[in-house]
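# Observations on chain architecture
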4 protein chains.
Amino acid sequence: MNARSTVSLVGDTGRGNEAAILNAALEAFGAKGFHGASMRDVARGAGTSLSNLYNYFPSKSRLLAEVLRHANDELVTRLHVAVDEAGDDAVSRMREAVRAYVRFVVDHQLAMVVSTNEVRYLDGEDRERLVVDRDATQAVFEQIVAQGAASGEFRTPHPADAARTVLSGLAGVAQWYRPDGRLSRGQLAEQQARYALALLESPLAH
Amino acid sequence: MNARSTVSLVGDTGRGNEAAILNAALEAFGAKGFHGASMRDVARGAGTSLSNLYNYFPSKSRLLAEVLRHANDELVTRLHVAVDEAGDDAVSRMREAVRAYVRFVVDHQLAMVVSTNEVRYLDGEDRERLVVDRDATQAVFEQIVAQGAASGEFRTPHPADAARTVLSGLAGVAQWYRPDGRLSRGQLAEQQARYALALLESPLAH
Amino acid sequence: MNARSTVSLVGDTGRGNEAAILNAALEAFGAKGFHGASMRDVARGAGTSLSNLYNYFPSKSRLLAEVLRHANDELVTRLHVAVDEAGDDAVSRMREAVRAYVRFVVDHQLAMVVSTNEVRYLDGEDRERLVVDRDATQAVFEQIVAQGAASGEFRTPHPADAARTVLSGLAGVAQWYRPDGRLSRGQLAEQQARYALALLESPLAH
Amino acid sequence: MNARSTVSLVGDTGRGNEAAILNAALEAFGAKGFHGASMRDVARGAGTSLSNLYNYFPSKSRLLAEVLRHANDELVTRLHVAVDEAGDDAVSRMREAVRAYVRFVVDHQLAMVVSTNEVRYLDGEDRERLVVDRDATQAVFEQIVAQGAASGEFRTPHPADAARTVLSGLAGVAQWYRPDGRLSRGQLAEQQARYALALLESPLAH
DNA sequence: TATGAATGAGCATTCATTCAT
DNA sequence: CATGAATGAATGCTCATTCAT
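What you see is a predicted model, and the numbers here were worked out from it, not measured in a lab. (Residues numbered from 1 in each chain as written. Chains lettered and ligands numbered in written order. Predicted model: local features only at pLDDT ≥ 70, side-chain atom pairs only at ≥ 80, totals over all residues. Heavy atoms only, no water.)

## Details of the interface of chain B and chain A
At the junction of the two partners, chain B supplies 33 residues and chain A supplies 33 residues. In total, chain B and chain A occlude about 2,600 Å² of area from one another, counting both sides; carbon and sulfur atoms represent 46% of this. A salt bridge links R194 of chain A to E201 of chain B, with the shortest nitrogen-to-oxygen separation between them at 2.7 Å. Taken together, the connections running from chain B to chain A amount to 14 residue pairs in polar contact (both at pLDDT 80 or more). Of all the secondary-structure elements, those providing two or more residues to the side of chain B that touches chain A are α1 (18–32), α6 (109–118), α8 (159–176) and α9 (185–199) of chain B. Ranked by the residues each element gives to the side of chain B that touches chain A, the list is headed by α8 of chain B, at 8 residues. Classifying every residue of the side of chain B that touches chain A gives 10 nonpolar, 14 polar and 9 charged. (Contact = heavy atoms within 4.5 Å. Buried area = accessible area lost by both parts, 1.4 Å probe. Salt bridge = Lys/Arg side-chain N within 4 Å of Asp/Glu carboxyl O. Polar contact = N/O pair within 3.5 Å; in protein donor to acceptor, adjacent residues only side chain to side chain. Helix = DSSP H or I, 4+ residues; strand = E, 2+ residues; numbered from the N terminus. Nonpolar A, V, L, I, M, F, W, Y, C, P; charged D, E, K, R; others polar.)

See below:
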């Protein structure tokens, strides 16, 4: 009941082996880390030749950047859909945001882990771009917290700090989650939502 | 007022260059990651020759293990002192535990970051030993949460899950903390304590 | 008249630098021994880069194994041709076998020396394979001795022991032979044949 | 009946750890070859520290030289004793020489193997000295063969060549001998003596 | 004698990347 | 797009040797 076969992060891009390479890179970076994984590892995983990698990505670093971009895009998309479909109050919106985040972590744990652990190895320009994209996610949460603080739904002071702490906890899920764990995907999402709302000192939450 | 010059994690061990090597390794692994940093980097940082490193540690992997062991020992020691000196109620104990943890993160952020990011590169045996040691820390938090749940101080269900989430958030601090940030060390500790108690649904906490 | 420029052991294999690498390895291992010669020595001798060696052979040990395999193949081939072309009696067959062996030693002394001295450094699996191949050579001699013993051509008891001793002496030739020595290739072969037949106690031999 | 526990080549020299070091070096060079064995291996085997080795021998190369010198001294001594105690005729003398040689091979196989395989790694001067010492051994055999050729006991022409071939075969014994083999030490010696005399075309030998 | 710490050179091997085809 | 061969730089690690004690 609990099982959920992880699905490839990147679907066919309409460009030959591109998706296979990106997914193999995700796998390799996830298993051995950016510096621990070699381009040969990636090529082997993608079922293509080493040199062919360079027909798609000009460098290992750019390959990592693309992997992380795809991961972040997927997360952001899910987040926006969830928040848009939620009710108007901050509690509902936060609950849906947390749920969506947790579901992403469960569906694409490896992508989440790699995103967390390997950003630091991005080249300057790519790093900055990703930081900006990540800030968008953070902004979603901050805005909800701020809304709740204004409406009295959340009593925590310093909305930005609190939002960051909530996100820290959510990102942390990827580090310990195991698909065969006690909680189902839905239960895990529910639990994390409760933690978030409690942390934000929502008087109605429990 | 906010500044606090980070102090070496490892003090003189009474064995030649050992402390210098451990501290240089921490620095190097922190800056470039385990696989990104070379033994030459470590040697340079320690002011000794590459080959001399191997008179102290038989491999890069064992060097990492020793760095992480020292870091964890320091954290565990601080934690136990803090909890022992706290009052008897769960709220006080949790507050002190969180404060001690945050102070460790601030004092030894690099050690904390490396501990979080590079454990995965430990060899089998070393990995297991560290996991055991880490579980001791987790046990401290779990026990406090369980105590609070029993006494009614915390209303959160599933003490173990909640404790893990609190710890996730605290470990996360090391990833974004900057010494020149808005909050002083004490304020940061206070804030995190509040988040933790709120998350645990302590009715008296705020 | 005596000179005979040693010819490369390995001819073009149709795969880029492979033959050049094998021959350079033979030269290097012969000059400095397996552990005394470095892959850099081999690369230099083959006129290619160090790293390119690994596009052909996955390790120094496997490179040695291939060198020895080529050497043994050549010896075995020559031996079989010689014995097949000899008369039916044991004396003729032994004489031709010894002659062929000696000619191989003279033509590929280095290969012979390396085969003798460096087998021990082969990895388990490669070692076993070569031992099997070598046993084939020994079997050729044993069988001839056995035939001669049965027909009365050789009066030595224990054909297997005698065959081994003959082979020991032949292999020993590679250790002291000098191309500028007193005896020509043919004379040397003749002399060794006489020694072998005498050792086997062939009444007609002299 | 066949067993004969190999005894240390070098007995106490009256100089601290010297004998232990020499024997450990023999063991190490025998197991891994001169370049494959490290001074650390030798130190470990001798139960002393790495640096202490240099109080006894100024270099690895000189250590090898001393090992080989001790081995050759023992062989030469045994050989001279055997020949001196033999009768006056060439056949008896040759038989005793071969017997003594074989017994040395059996008693100190490792020393024999190392002598054969690692001489080539000796430094110029040490190499020359050992070659001279070895020539003494060869001279013993040559002289016996020459005597036998003169007296008609041996009918082989070219005494020097024949002597060399006999010695080649004897040295070869060390490469294949196993203490648990079919033949006892005495039987092996007898067999080799028969081979030698046959090779030398001694009409009375069989 | 004996040791532990130190070192510079060297080792086999792997790396990301390039290029001719 | 795809490949196999090629390369220079780097990697973790070991080496014989030295030296202060």
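## Things to note about the UniProt feature "domain: HTH tetR-type" (unreviewed entry) in chain A
Those places that UniProt annotates as "domain: HTH tetR-type" (unreviewed entry) correspond, in this numbering, to residues 15–75 of chain A. Helix makes up 64% of residues 15–75 of chain A and strand 0%, with an end-to-end C-alpha separation of 23 Å. (UniProt positions renumbered as here; feature names shortened; annotations may be inferred.)

## Some thoughts on the protein's contact with DNA strand E
Taken together, 35 residues form the shell around DNA strand E, and within it K60 of chain A, S51 and Y56 of chain B together with S51 and Y56 of chain D come nearest. Take the atoms of DNA strand E that sit within 4 Å of the protein: sugar and phosphate atoms are 56% of them. Between a base nitrogen of DNA strand E and a side-chain N or O atom of R40 of chain C, the distance comes to 3.3 Å. Sorting the residues of the surface near DNA strand E by element identifies α2 (39–46) of chain A, α3 (50–56) of chain B, α2 (39–46) of chain C together with α3 (53–56) of chain D as the ones contributing at least two each. Of the residues in the surface near DNA strand E, the class split is 10 nonpolar, 18 polar and 7 charged. (Near = heavy atom within 4 Å.)

## With respect to the relation of the copies chain B and chain A
Each copy of the sequence occupies a distinct position, and chain B is placed on chain A by a rotation of 180 degrees and an axial shift of 0.1 Å, giving an RMSD of 0.1 Å. A rotation of that kind, with that shift, is consistent with a two-fold axis. A share of 100% of interface residues in chain B that are also interface residues in chain A marks the association as one of identical surfaces. (Least-squares fit on C-alpha atoms with pLDDT ≥ 70 in both.)

## Concerning the interface of chain D and chain C
A common way to report how large an interface is uses the accessible area buried once the components associate. If you look at the interface, chain D gives 33 residues, while chain C gives 33 residues. Summed over both sides, the interface between chain D and chain C buries roughly 2,600 Å², with carbon and sulfur atoms accounting for 46% of that surface. Contact with chain C buries surface across chain D, with R120, Y195 and E201 of chain D losing the most and accounting together for 23% of the total. Notably, a salt bridge pairs E118 of chain C with R120 of chain D, separated by 3.0 Å at the nearest N-O pair. At the surface where chain D touches chain C, the tally comes to 14 residue pairs in polar contact (both at pLDDT 80 or more). Residue assignment for the side of chain D that touches chain C shows that the elements contributing at least two residues are α1 (18–32), α6 (109–118), α8 (159–176) and α9 (185–199) of chain D.

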